[in-house]
Amino acid sequence: MALKGAIVVDREKCKGCGVCLVNCPTNTIALAKEVNSKGYNFAFMASPESCTGCTNCATVCPDTCITVYRVKV
Amino acid sequence: MAEKILMKGNEAIAHAAIRCGCDGYFGYPITPQSEIMETLMEEQPWETTGMVVLQAESETSSINMIYGGACCGKKVMTSSSSPGVSLMCEGLSYLAGAELPCLVVNVVRGGPGLGTIQPGQGDYFQAVKGGGHGDYKMVVLAPSSAQEMYDFVDLSFELAFKYRTPAMILADGVVGQMMETVELRPMKPRLTNEQIIEKYSSWATTGKTPGRKQNVVTSLALDSIIHEQLNNTLQAKYRKMEEDDVRFEEIMCDDAEHVIVAYGCMARICESTVEMARKEGIKLGLLRPITLFPFPTNEINRLVPQLKTMMSVELSAGQMVEDVRLAVNGRIPVNFFGRLGGIVPSPDEVFEAFKKAINK
Amino acid sequence: MDVNDIIKPENMVYSKTPVLTSTTMHYCPGCSHGTVHKLIAEVIDEMGIQEKTIGVSPVGCAVFAYNYVDIDWQQAAHGRAPAVATATKRLHPEKYVFTYQGDGDLASIGTAEIMHACNRGENIVVIFINNAIYGMTGGQMAPTTLLGMKTATTPYGRTKELHGSPLRITELLAQLEGTCYVTRQSVHNAASARKTKRAIRKAFENSALGKGTSFVEVVSTCNSGWKLSPVKANEWMVENMFPKYPVGDIKDL
């Protein structure tokens, strides 16, 4: 049985610090090329297929802008 | 019949605190007021009324403990003497800025610096003009007897909560140390937590219950407009105090041609001076401000037309005299007599100084 | 499996706790404060003690902690939070009272207050953010600044001769009989953040048990003050801060 995950980033709250990226064990997250209204390159789920829903990104996010979902498949 | 006990002014403060429903005392020893905490520790009110008494590590900590207690809507107090109150000025500014009620007793000794442990009134400016940073005032009550030391504890709390502002009892070493009979007032119970929530839940940190917004006690407002509004609110309170809560006592002022203005222990001494003057046919009266802030400016205004001179008598180099002069505004001469170094002048000495001043 | 089939309420495994307000934090990107605020809010939520918790915020960047954690707060003068919390807890023994302080606040101007509150064994929780710098005032030297570290007031690096050595106040506080739990943690990766959360939870539980003062240091970053990117700041912290401030429990009674 495998775990399949997904994250939703609150683009407006994200400050693009990148701490979630380096904490993602599956390289799911990247910073967007475009910016939010504050001028930050927000984080997004660049490789949805690799997300396991481990919650590491959300746990280290200083701005609590990541919601994590997970299913068993 | 009410119970009367012989006690020191400082002890009266302690008994009054326990009996008026005070929730907490936090203090640090310093002469000449250590009897306040000593009496409280001896009485162990935590066993009876539940009042908390704690010796802090410094006056800085005491005043910040008061800040914490006051944030919770509790009736809290501290006491100290001049050098200790200087340390408390930071906290007093925060308390005033955060609109918190509390009582601080200053049993004044001679300054500046470590000064002397003898009585003084040199902290008048510090008490009535602010002391700490920023535009703030406190209610300042000046007792002149052990009974007033007792009664002003409850009165201070009443005014402090009425205006949500720190109140100070500005006593001096004489009033703190002398023994007099004091009539104990009936016991008032401490407010329960439920009563505090009912009365002060609009601002006190009583715990954020569902449905109520969080309460944040702070003096910080980085937005200039909001900060000016906060200051205007404070100033409006001070103007209201000046309208409604000026307290003073007058002795033989009705027909007076000269009036001495004195507070605390000096008012008692000057009372004898008035008697001496009257025996010599000099129409001298005494105005004793009980609230130093708000100051009895209007009463001085009212008296000026009938007077030839006024004189401020203080255990300082001349502090309250400035407020008297502001009130008189140049209409009549305002003289000053003061002693320093902890020397308390006799009624004769004041009388001689008075005569010398009016014959100048 | 399509992403939209995963993103459904019933599959949610992590979301913002309601004890954290939705206000966007004023902290710089990647600042450890935000992570620690979140962990505190989660502990308060999980313990169900929102109504019973009173926070004391410091002077410094975290002065605005009250904008983010939805409980009653008292904002203390610089360094005085342990004194403020002392009275609050003694007058409300049934409440959970914690201070949240930085290194300048706790280990410099407030040294007397923290020492004596810990020595009396006040049943409070102290969260100590150590990022070795004054953040809000613009990156000046803190008592915990490392030797050689450049700050606004040590432009050529801190020297022992001029400023003394970095103060390991947590080790000092562990010596006091009033402390029951003294630990040093970090939040730079998920495992350490989870450990920190467990430490905060234990500290709050100790407070209810009346065991004494619980002290949780969080070795943190100030990437703006350190002039590093958030990710680089975390790496620098592991490399340079951890040798001086090793993580782990120092005391656990």
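Residues numbered from 1 in each chain as written. Chains lettered and ligands numbered in written order. Predicted model: local features only at pLDDT ≥ 70, side-chain atom pairs only at ≥ 80, totals over all residues. Heavy atoms only, no water.

Asks: Teacher, can you tell me more about the sheet that holds strand S2 (residues 53–57) of chain C here?
Replies: Think of a sheet as strands paired side by side through backbone hydrogen bonds, with each pair either parallel or antiparallel. If you trace the eight strands from one edge of the open sheet to the other, you get S10(B)-S3(C)-S2(C)-S4(C)-S5(C)-S9(C)-S8(C)-S10(C), paired in mixed fashion. In this open sheet, the two edge strands, each paired with only one partner strand, are strand S10 (216–217) of chain B together with strand S10 (248–252) of chain C. Across two bridges, the pairing between S10 of chain B and strand S3 (residues 72–75) of chain C is parallel. Note on S3 of chain C: the bridge partner recorded for Val-216 of chain B is Trp-73 of chain C. Together, strand S4 (96–102), strand S5 (125–130), strand S8 (179–186) and strand S9 (213–219) of chain C form the strand contacts of helix H5 (residues 111–120) of chain C, whose direction differs from that of S9 of chain C by roughly 135°. (Pairing = 2+ DSSP bridges. Helix = DSSP H or I, 4+ residues; strand = E, 2+ residues; numbered from the N terminus. Contact = heavy atoms within 4.5 Å. Axes fitted to C-alpha atoms, helices over the stretch in contact; angles between N-to-C directions.)

Asks: Would you explain the sheet that holds strand S1 (residues 12–14) of chain C in this entry?
Replies: Spatially, S1(A)-S4(A)-S1(C) is the arrangement adopted by the three strands of the open sheet, whose pairing is antiparallel. Because the sheet does not close on itself, it has two edges, and the strands there are strand S1 (3–9) of chain A together with S1 of chain C. Looking at each pair of strands side by side, their axes are set apart by 35° on average, direction ignored. Bridge count between S1 of chain A and strand S4 (residues 66–72) of chain A: seven bridges; the pairing is antiparallel.

Asks: Even after reading the chapter, I still don't get the packing of helix H2 (residues 32–47) of chain C against helix H8 (residues 190–209) of chain C, so can you show me in this structure?
Replies: Two quantities define a packed helix pair, namely the angle between the axes and the distance from one axis to the other. All names here are of chain C. Running from amino to carboxyl end, H2 crosses H8 at an angle of 50°, the nearest separation of the two axes being 9 Å. Here H8 runs oblique to H2, going by the angle between their axes. Relative to H8, H2 is oriented so that their crossing is right-handed. Every residue of H8 that contacts H2 at Leu-39, Ile-40, Glu-42, Val-43, Glu-46 and Met-47 is listed here: Ala-193, Thr-196, Lys-197, Ile-200, Arg-201, Phe-204 and Glu-205. The class makeup of the residues in the contact of H2 with H8 is seven nonpolar, one polar and five charged. (Parallel < 35°, antiparallel > 145°, perpendicular 65-115°, else oblique. Left-handed = near helix turned anticlockwise from the far one by under 90°. Nonpolar A, V, L, I, M, F, W, Y, C, P; charged D, E, K, R; others polar.)

Asks: Help me out: how do you make sense of the packing of helix H3 (residues 59–71) of chain B against helix H4 (residues 82–97) of chain B in this one?
Replies: All names here are of chain B. The N-to-C vectors of H3 and H4 enclose an angle of 25°; their axes lie 7 Å apart at closest approach. As judged from the angle between their axes, H3 and H4 are roughly parallel. By crossing handedness, the relation of H3 to H4 is classed as right-handed. For the pair H3 and H4, contact is made by Glu-59, Thr-60, Ser-62, Ile-63, Asn-64, Ile-66, Tyr-67 and Ala-70 and by Gly-84, Leu-87, Met-88, Glu-90, Gly-91, Leu-92, Tyr-94 and Leu-95, respectively. Residue composition of the contact of H3 with H4, grouped by class: nine nonpolar, five polar and two charged.

Asks: I'm lost on the side chain of Thr-35 of chain C in this one. Help?
Replies: Its place among the elements puts Thr-35 of chain C in helix H2. The buried category is assigned to Thr-35 of chain C, whose relative accessible area is 2%. Setting aside chain neighbours within four positions, we find Thr-35 of chain C in contact with Thr-59, Val-60, Cys-61 and Pro-62 of chain A together with Val-187 of chain C. (Buried < 20%, exposed > 50% of the residue type's maximum accessible area, 1.4 Å probe, protein only.)

Asks: Would you mind going over the interface of chain A and chain C with me for this structure?
Replies: Where the parts come together, the accessible area they lose is often given as the size of the interface. The interface of chain A with chain C comprises 34 residues on the first partner and 36 residues on the second. Considering only the side of chain A, the residues that lose the most area to chain C are Thr-59, Thr-64 and Tyr-69 of chain A, jointly responsible for 22% of the buried surface there. Here chain A is connected to chain C by zero salt bridges. Put simply, chain A and chain C have 14 residue pairs in polar contact (both at pLDDT 80 or more) between them. Secondary structure elements with two or more residues in the side of chain A that touches chain C: S1, helix H1 (19–23), helix H2 (56–60) and S4 of chain A. Along the lines of polarity and charge, the residues of the side of chain A that touches chain C split into 19 nonpolar, nine polar and six charged. In this structure, S4 of chain A lies alongside S1 of chain C, joined through two bridges in antiparallel fashion. Bridged to Val-68 of chain A within S1 of chain C is Tyr-14 of chain C. (Buried area = accessible area lost by both parts, 1.4 Å probe. Salt bridge = Lys/Arg side-chain N within 4 Å of Asp/Glu carboxyl O. Polar contact = N/O pair within 3.5 Å; in protein donor to acceptor, adjacent residues only side chain to side chain.)

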